Amino acid sequence: MSERKGDILKVALELFNKKGIDEVRTRDIAKEIKISLGNLTYYFPTKTDIVFALVQEAGKAIDEALAQNGANPEKNILIIYYGQVETIFKTHLKYKFLFGRWGEIISSNPQIQKFAQELLKVRFDSWKGLNEQLVKEKLAVLQSILKIKQGS
């Protein structure tokens, strides 16, 4: 990514988090960076393109951190689980404008929606394996087992 694109995304993230996505215009972002609106739209033609880039950035940040906290036979599974939860929490804080209105943002654009669906499928598959490991090590219980024991 070019330095200019990175600057645009950094400032957009700050403004979106501070003022809310609806209150920030591309003109505001350009003004904050001290570039022309035309220069900004060269990199990101619309505000939706900026939002999509930030969605991708957040997804990548979580993926990289989850990979670092991934399954390692020599690492305690609870430490792995905690590291993944902590990573997601910190990313949600950093991109709070996104996660406060996640459903609305992903449903507003087919490109963002497709990206989010693919991302979530991979995450759910990964977490399913993690949860199965927790059950295997008797550190968690499957909900279906609880229902059987309770007579539900």
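Look up: the structure comes first, before these words.
These numbers come from a predicted model, not from an experiment. (Residues numbered from 1 in each chain as written. Predicted model: local features only at pLDDT ≥ 70, side-chain atom pairs only at ≥ 80, totals over all residues. Heavy atoms only, no water.)

1. Considering the overall build of the protein
Move 1: Within the protein, the regular secondary structure consists of nine helices and zero strands.
Move 2: N-terminal to C-terminal, the α/β element order of the protein is α-α-α-α-α-α-α-α-α.
Move 3: For the protein, the exposed surface amounts to about 10,100 Å²; the carbon and sulfur share of it is 54%. (Helix = DSSP H or I, 4+ residues; strand = E, 2+ residues; numbered from the N terminus. Areas by Shrake-Rupley, 256 points an atom, 1.4 Å probe, with all protein chains shown as cover.)

2. Observations concerning helix H1 (residues 3–19)
Move 1: Between the first and last C-alpha of H1 there are 24 Å, a value that for 17 residues agrees with the 24 Å anticipated at 1.5 Å per step.
Move 2: When H1 is considered as a whole, its buried residues turn out to be Ile-8, Leu-9, Val-11, Ala-12, Leu-13, Leu-15, Phe-16 and Asn-17.
Move 3: Residues of H1 that are buried make contact with helix H2 (26–33), helix H3 (37–43), helix H4 (47–68), helix H5 (77–94) and helix H6 (96–99). (Expected span 1.5 Å × (residues − 1). Buried < 20%, exposed > 50% of the residue type's maximum accessible area, 1.4 Å probe, protein only. Contact = heavy atoms within 4.5 Å.)

3. Some details on the nonpolar core
Nonpolar side chains tend to gather and get buried jointly when the protein is soluble and globular.
Move 1: Ile-8, Phe-16, Ile-29, Ile-50, Val-51, Leu-54 and Leu-98 are the most contacted members of the largest nonpolar core, which totals 29 residues.
Move 2: For this core, the secondary-structure elements that each account for two or more residues are H1, H2, H4, H6, helix H7 (102–107) and helix H8 (110–136). (Core = buried A, V, L, I, M, F, W, Y, C linked by side-chain atoms within 4.5 Å.)

4. Points about the packing of aromatic side chains
Move 1: Overall, the coordinates contain four aromatic pairs when judged by the stated rule.
Move 2: Summarising the aromatic geometry, the rings of Phe-99 and Trp-102 are spaced 5.4 Å apart at their centres and angled 20° between planes, so their arrangement reads as stacked.
Move 3: Just above the ring of Phe-44 sits the side chain of Lys-5; from NZ or CZ to the centre is 5.5 Å. (Phe/Tyr/Trp six-rings, centres within 6.5 Å; stacked < 30°, edge-to-face > 60°. Lys NZ or Arg CZ within 6 Å of the ring centre and 35° of its normal.)

5. Some remarks on the pattern of salt bridges
Move 1: Counted by the stated rule, this structure contains seven salt bridges.
Move 2: Taking the shortest distance from any N to any O, the salt bridge between Asp-22 and Arg-101 comes out at 3.1 Å. Placement of the pair is Asp-22 in the loop between H1 and H2 and Arg-101 in the loop between H6 and H7, with a sequence separation of 79 residues.
Move 3: Judged by its relative accessible area of 25%, Arg-101 falls in the partly exposed class.
Move 4: The salt bridge partner of Glu-86 is Lys-90, with a shortest N-O separation of 3.5 Å. In this pair, Glu-86 and Lys-90 both sit in helix H5, four residues apart, roughly one turn of the helix.
Move 5: If you follow the salt bridges from partner to partner, you end up with Asp-22, Arg-101 and Glu-104 in one network. (Salt bridge = Lys/Arg side-chain N within 4 Å of Asp/Glu carboxyl O.)

6. Observations regarding H2
Move 1: Where H2 is concerned, the buried positions are Thr-26, Asp-28, Ile-29, Ala-30 and Ile-33.
Move 2: Looking at the buried positions of H2, the neighbouring elements they touch are H1, H3 and H4.
Move 3: After H2 finishes, the residue Lys-34 shows a positive phi value of roughly 70°.

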